[in-house]
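Each chain is listed here by its residues.
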Amino acid sequence: MNNDVEWMQHAFELAKKAKEHDEVPVGAVIVYEDRIIGEGWNQPISSHDPTAHAEIIALRDAGNNVGNYRLPDATMYVTLEPCAMCAGAIVHARLTKLVFAAADPKTGACGSIFNLLQTEELNHKVEIGKGIMEDECRALIQTFFKEKRLKSS
């Protein structure tokens, strides 16, 4: 099995955990030397913390696990294109690569609206991969919001 698919499947399982807790279903894992060093799922509602996105939680977890906020040579796998806050944190962490499943045309900051990861003005650039498990991850998010709308009507 392709490692990118394996890692994205793990992120997808984390996204389902977020959904179980009535959070927007996004999951993220950070991999270094073929092992997971950090993981997270969306938790801003339950934690009352607007920064508790899956990517931020995964970065915090990885930083604690390796004892450094810089994560060179690591790759993040996330089920949805990161927002500006998360993209900025990814740059500051000096990740080598980001792989996301589904693009986010409303808030995506890694190519959809703009691309913070590769802007000329910043001193670090992050390689981007996308589209792995795109259909499954997009369907999970769309179903989540469809169910939310049905409950509120």
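Residues numbered from 1 in each chain as written. Predicted model: local features only at pLDDT ≥ 70, side-chain atom pairs only at ≥ 80, totals over all residues. Heavy atoms only, no water.

A. The arrangement of unusual backbone geometry in detail. At Asp 22, a position not held by glycine, the phi torsion is positive, near 60°. The residue Asp 22 is located in the loop between α1 (3-20) and β1 (27-32) in this model. Phi is positive for Glu 33, which is not a glycine, with a value near 50°. Tracing the chain through its elements places Glu 33 in the loop between β1 and β2 (35-41). By relative accessible area, which is 61% here, Glu 33 ends up exposed. (Helix = DSSP H or I, 4+ residues; strand = E, 2+ residues; numbered from the N terminus. Buried < 20%, exposed > 50% of the residue type's maximum accessible area, 1.4 Å probe, protein only.)

B. Seen up close, the packing of aromatic side chains. Scanning the model with the defined rule gives one aromatic pair in all. Consider the rings of Phe 144 and Phe 145, whose centres lie 5.2 Å apart with planes at 80°: the pair is edge-to-face. (Phe/Tyr/Trp six-rings, centres within 6.5 Å; stacked < 30°, edge-to-face > 60°.)

C. Highlighting the layout of surface pockets. Each pocket or cavity is described by its volume, and for the largest pocket that value is around 550 Å³. In terms of lining, the largest pocket is formed by 22 residues, of which the most central are Leu 80, Asp 104, Thr 107, Ile 141 and Phe 145. Here the residues of the lining of the largest pocket are counted per class, giving 12 nonpolar, four polar and six charged. (1 Å grid on protein atoms, 1.4 Å probe; cavity = no way out; pocket = protein on both sides within 12 Å on 5 of 7 lines; lining within 4 Å. Points joined across faces, edges and corners; volume = space filled by probe spheres on them. Nonpolar A, V, L, I, M, F, W, Y, C, P; charged D, E, K, R; others polar.)

D. View of the pattern of salt bridges. Counted by the stated rule, this structure contains six salt bridges. One salt bridge in this structure joins Lys 16 and Glu 13, with 3.0 Å as the shortest N-O distance. Taken together, the positions of Lys 16 and Glu 13, both in helix α1 and three residues apart, correspond to about one turn of that helix. Here Glu 13 falls in the partly exposed class, since its relative accessible area comes to 45%. We note a salt bridge from Asp 22 to Lys 148, for which the minimum N-O separation is 2.8 Å. (Salt bridge = Lys/Arg side-chain N within 4 Å of Asp/Glu carboxyl O.)

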